[in-house]
Amino acid sequence: MNAQTELTALIRALAKRDWEAVDGLLEELRKKEWAGATQVIGAAFVLAVHRRFRRGQDLRDISNFVAETRSRYEGGNELPALAMEGMIRAALGEVDLMDEINPDNYLPAQIVILGTILQDENLTDDQLDEFVRDVEEAAAEYM
Amino acid sequence: MNVNEVKRTIRSGNEAAAQAKTTLGQVADEATTTLDLAQLTLQGSHDDDVVAALKIIKGLDGEVDRAIRRAEAAIEHANAYLAAIG
Amino acid sequence: MTGDMSAVVAQLLELRERLAATAVIAMRAKADAEHGHDQYAEAARGTTHPRLQQAMADMRIVGDKSARIARLLNKARDHVTAYLNRIAPGAVRDGRSHAGAMPTGEQLLADAERRANAKASVGSFLRRAVKNVENIQDSTKTATELGETGVKILRSPSGPKGAQSTSTTTPSSATTVSRPKMDVPEAAAQIAVLGIMTAVAIHKTSQVLGRTIARWRNR
């Protein structure tokens, strides 16, 4: 049992700020215990980060983004800034940095960052479809 | 990383290098097709832009070839290292 | 336009397409090369063995060459475009002047590069994530809890109301941080409360925040 369908639907709903849909999906996901989240959310996170940043991005740009994001949400300071920066850098190629981050922070940080990036991009439905297809394809090998 | 993980990682690198070779091979094939099309369509033209475009397209084969051989060299070096660490 | 001419134009338009498509493939090769380099680099941690260093250097060169090939293809395409614009003005439709029209060569390239890089990065990222999550010790949090936390945070933007409520709070660990003059005092107070950044970093961030907040207000 995996929750891939619900997870990709959640990503879509978060990107569009469709909170009603999000509520319904959270219920379904609870039943499935978010099975496959590491892979699906992880893949979506990497793809979203690459929309916003490039390989070898100036570290100051990344820490500015993280600071901006953390102050954007009321619960933003629940997530350690260094963890968020490390995850973004890991997605851009410095995979070893993940070993220094508490794995309990992976999912919340990834969701907040990918949600923020996708919302800011204001993707069209077609672009969102393409994004979700890329996520499914990328995550499939690791499920 | 222990030795086995190192070996696995290097093999993974070799796969990526091999993939780069394959992809470059596709570039070479496409470059040939575009050259044929360009020459067919533009033969006889002395227009500056045409001359420039044809020159670039003709030179692509050599560029791709050099890149492919470099990828092969990378794999060779990586394999030599694999042999060295047993 | 004569029959011959329209055939030439059609062929040249197709040539442009092919050149663009080939450039996209070259960028994929670049992404493959970078991925290979990253793998060798990971394996090379803790060793300076010349063979491995050479493998890494080689892959960096493959990446550079692939990017160069993509640029050359794009340049050839530009020359064809220039020629076409001369012999048949209006035959080439540039993405910029028409809504929803074909993207420019540069946009195609940048997009293709980004997607190829992204996909190439997913594998090693996920492998590490899965491994670390599986090896967690002393965690009492379920994926459900963690996921819901993320969504909850995303749902609670700190608008002006949130910022105002923190401006009356005295920063708890602000002793090492001086409050620089800024245009966005509320946001600055929030960051000062976090007590994690130096004055310089706060000033820079406030400039970014000022722009961000201005953007939000103008929505």
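What you see is a predicted model, and the numbers here were worked out from it, not measured in a lab.

Moving on, we come to helix H3 (residues 37–52) of chain A. When the terminal C-alpha atoms of H3 of chain A are compared, their 22 Å separation across 16 residues agrees well with the 22 Å that a helix rising 1.5 Å per residue should span. For H3 of chain A, the buried fraction is high: 15 of the 16 residues fall into the buried class.

Counting from both sides, the interface comprises 48 residues of chain A and, opposite them, 49 residues of chain C. Only helix H2 (19–31), H3, helix H4 (59–72), helix H5 (81–91), helix H6 (106–121) and helix H7 (125–140) of chain A provide two or more residues apiece to the side of chain A that touches chain C. Here the side of chain A that touches chain C gets nine residues from one element, more than from any other, and that element is H3 of chain A. Of the residues in the side of chain A that touches chain C, the class split is 26 nonpolar, 11 polar and 11 charged.

So, on to unusual backbone geometry. Residues and elements named next belong to chain A. In this structure, Arg17 takes a positive phi of about 55° despite not being glycine. Along the chain, Arg17 turns up in the loop between helix H1 (4–15) and H2. With a phi close to 55°, Trp34 is a non-glycine residue in the positive phi region. With respect to the element layout, Trp34 can be found in the loop between H2 and H3.

Time to look at the environment of Tyr83 of chain C. Of note, Tyr83 of chain C is situated in helix H2 (residues 50–87). Put simply, Tyr83 of chain C and Leu12 of chain C are 71 residues apart on the chain and 9.2 Å apart in space, counted from C-alpha to C-alpha. Apart from residues lying up to four places away in sequence, Tyr83 of chain C is in contact with Asp47, Asp49 and Val50 of chain B.

All names here are of chain A. At a closest axis distance of 9 Å, the pairing of H4 and H5 adopts a crossing angle of 130°. Here H5 runs oblique to H4, going by the angle between their axes. Considering how the two elements wind past one another, H4 and H5 form a crossing that is right-handed. Residues Ile62, Ser63, Val66, Ala67 and Arg70 of H4 lie in contact with H5, whose contacting residues are Ala81, Met84, Glu85, Ile88 and Arg89.

Attention shifts here to the packing of H5 of chain A against H6 of chain A. Residue and element names in this part refer to chain A. Their axes nearest at 10 Å, the elements H5 and H6 cross at an angle of 70°. Classified by the angle between their axes, H5 and H6 sit roughly perpendicular to one another. Of H6, the residues touching H5 (which contributes Ala83, Met84, Met87 and Ile88) are Ala109, Gln110 and Ile113. Grouping the constituent residues of the contact of H5 with H6 by class yields six nonpolar, one polar and no charged.

Below, the discussion takes up the interface of chain B and chain C. With 41 residues of chain B in contact, the opposing surface of chain C contributes 40 residues. Listed by contribution, the elements that provide at least two residues to the side of chain B that touches chain C are helix H1 (3–42) and helix H2 (48–84) of chain B. Looking at the side of chain B that touches chain C residue by residue, the classes come out as 25 nonpolar, 10 polar and six charged.

Criteria and cut-off values
In every chain, residue numbers begin from 1 and rise along the written sequence. Think of it this way: whatever chain is written first is A, whatever ligand is written first is 1, and the rest follow in order. Given that this is a predicted model, residues contribute local features only at a pLDDT of at least 70 and side-chain atom pairs are listed and counted only at 80 or more, while totals for whole chains, interfaces and linings are drawn from all residues. Going along the chain from the N terminus, every DSSP run of H or I of four or more residues is numbered as a helix, and every run of E of two or more is numbered as a strand. Expected span, for any helix, means 1.5 Å times one less than how many residues it has. Counting other C-beta atoms within 10 Å of a residue's own tells you its class, since 20 or more makes it buried, 12 or fewer makes it exposed, and anything in between is partly exposed; those C-beta atoms are placed from the backbone. Here contacts are defined at the residue level, using C-beta atoms placed from the backbone and a cut-off of 7 Å between them. Put simply, Ala, Val, Leu, Ile, Met, Phe, Trp, Tyr, Cys and Pro go in the nonpolar bin, Asp, Glu, Lys and Arg in the charged bin, and everything else, Gly too, in the polar bin. Axis lines are fitted through C-alpha atoms, for helices just across the contact stretch, and the angle between N-to-C directions can take any value from 0 to 180 degrees. Angles below 35 degrees are treated as roughly parallel, those above 145 as roughly antiparallel, those between 65 and 115 as roughly perpendicular, and all remaining angles as oblique. Each crossing gets its handedness from the near helix: less than a right angle anticlockwise from the far helix is left-handed, clockwise is right-handed.

On their own, these measurements won't tell you what the molecule is for.
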